[in-house]
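Survey of secondary and tertiary structure
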Amino acid sequence: MNQKIEGLRALAYGSLMCGLSTIFILASTFIPGTCILSLLLLPLFTTMVVLKVSYRYVLIYSCALVSISLIDPLNSLFIVIPSIITGLSFGVLIKKYIHGYYIIFFSSLVLLVLQIVAKYAISLLYEQDMQEIMGQIMHFKETTFAYIFYIFLFLVSLAQATLTYVIGTNELTKLGFTFNEKKNDFVRILITTMILLISSISLYFVNISLSYLFICFTLYFGVILAYYNFSYYETKFVLYLQIPLYVLSLLSFFVIASYVDKFISPYFILLIVLSEIIMSLSIIVWQKIIKKGIISESIFDKLN
């Protein structure tokens, strides 16, 4: 099922996916509430096209969808184009056999950038400040929401990317496509988390809102790192070290956060991530230096 199709078969396949996509584009244009279906299914259709046909047919498919969607420019700008680009990123990353963690993260970044572009497009075309409107809807002070606006957009993007990935992998697996979800990326995740943690703190001196966004990035990879830590086969070793680290980091967070400025307190959430990093480094020392073993899939129970 992973083999490419060419010629008339590829054109027919692209036309079929384009037809299905058109149904949901028209539905989202004329039937209120159906835009949610378009946001979830259009990336799936685009991913299937990327995986099954060559890029020239993908280009034809994408141009056809954008042309059809122009019957409603707003629908095209905020639903169709972002969905196509998301599907393209999903398809390319899956073809490269990139791990699911990174597919979700990079797709979230793509969606984040598109939402930022849409924000400025609305401001330019309609003279409306979406940041101010969203802040009012959620009852945030304008100055406070300005700091967390990018976090809000990223969390929305992450939720959409995750849901799309879950639905997409579930359906595409039935069609014979394979995904990289078991490969051991422990060391790479650890290094990425450490780099993001340092970047989050460093960016405080450059731009606070961007620094907050990097805290979110750090927490994302910190959760994955925690998954690896608790998957380590020597469960007692993890629990005896991790639980005291958790307790210490949480207590430190609540105590310190109560005494510092509210704009500084979010940084102390990173103490929890730091405890995960210490745990991961301990696993490496224990496994590589003390036990003279290797870091492979076999030491993580949930990867087997």
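Analysis parameters
- Residues numbered from 1 in each chain as written.
- Predicted model: local features only at pLDDT ≥ 70, side-chain atom pairs only at ≥ 80, totals over all residues.
- Heavy atoms only, no water.
- Helix = DSSP H or I, 4+ residues; strand = E, 2+ residues; numbered from the N terminus.
- Buried < 20%, exposed > 50% of the residue type's maximum accessible area, 1.4 Å probe, protein only.
- Contact = heavy atoms within 4.5 Å.
- Lys, Arg positive; Asp, Glu negative; His and termini not counted.
- Charge placed at Lys NZ, Arg CZ, Asp CG, Glu CD.
- Core = buried A, V, L, I, M, F, W, Y, C linked by side-chain atoms within 4.5 Å.
- pLDDT = per-residue confidence, 0-100.
- Expected span 1.5 Å × (residues − 1).
- Bend = angle between axes of the 7 residues up to and from the residue.

1. Remarks on the overall build of the protein chain
If you tally the helices and strands in the protein chain, you get eleven helices and zero strands. Along the protein chain, from the amino end to the carboxyl end, the secondary structure elements read α-α-α-α-α-α-α-α-α-α-α. Along the three orthogonal principal directions, the C-alpha set of the protein chain runs to about 60 × 50 × 30 Å. Counting over 304 residues, the protein chain shows a buried share of 44%. Pairs at least 24 apart in sequence give 75% of the contacts found in the protein chain among residues at least 6 apart. In the protein chain, which carries 18 positive and 14 negative side-chain charges, the distance between the mean positions of the two groups comes to 12 Å.

2. Topic: the nonpolar core
Counting 69 residues, the largest nonpolar core has Val53, Phe154, Ile189, Tyr220 and Phe221 as its most contacted members. Here isoleucine 189 is in contact with Tyr101, Tyr102, Phe221, Ile224, Leu225 and Tyr228, once residues within four sequence places are set aside.

3. Structural notes on the side chain of serine 89
Structurally, serine 89 can be placed in helix α4 (residues 73–95). Accessibility expressed as a relative area gives 14% for serine 89, which makes it buried. With residues near it in sequence (within four places) discarded, serine 89 still touches Ser107 and Val110.

4. A look at the environment of isoleucine 23
With respect to the secondary-structure elements, isoleucine 23 resides in helix α1 (residues 7–30). Assessed through its relative accessible area of 52%, isoleucine 23 is described here as exposed. Sequence spacing of isoleucine 23 and serine 38 is 15 residues, and the spatial spacing of their C-alpha atoms is 9.3 Å.

5. Quick notes on the confidence of the model for the protein chain
Of all residues in the protein chain, 91% attain a pLDDT of 70 or more, and the chain-wide mean is 82. Mean pLDDT in the protein chain bottoms out at helix α6 (residues 130–137), which sits at 66, and peaks at helix α8 (residues 186–202), which reaches 94.

6. Some details on α4
The end-to-end C-alpha distance of α4 is 31 Å, a good match for the 33 Å that 23 residues give at a rise of 1.5 Å each. Taking the largest bend as the criterion, α4 deviates by roughly 30 degrees, centred on valine 80, and proline proline 82 comes between one and four positions later. Phi turns positive one or two residues past the end of α4, at tyrosine 97, with a value near 60 degrees.

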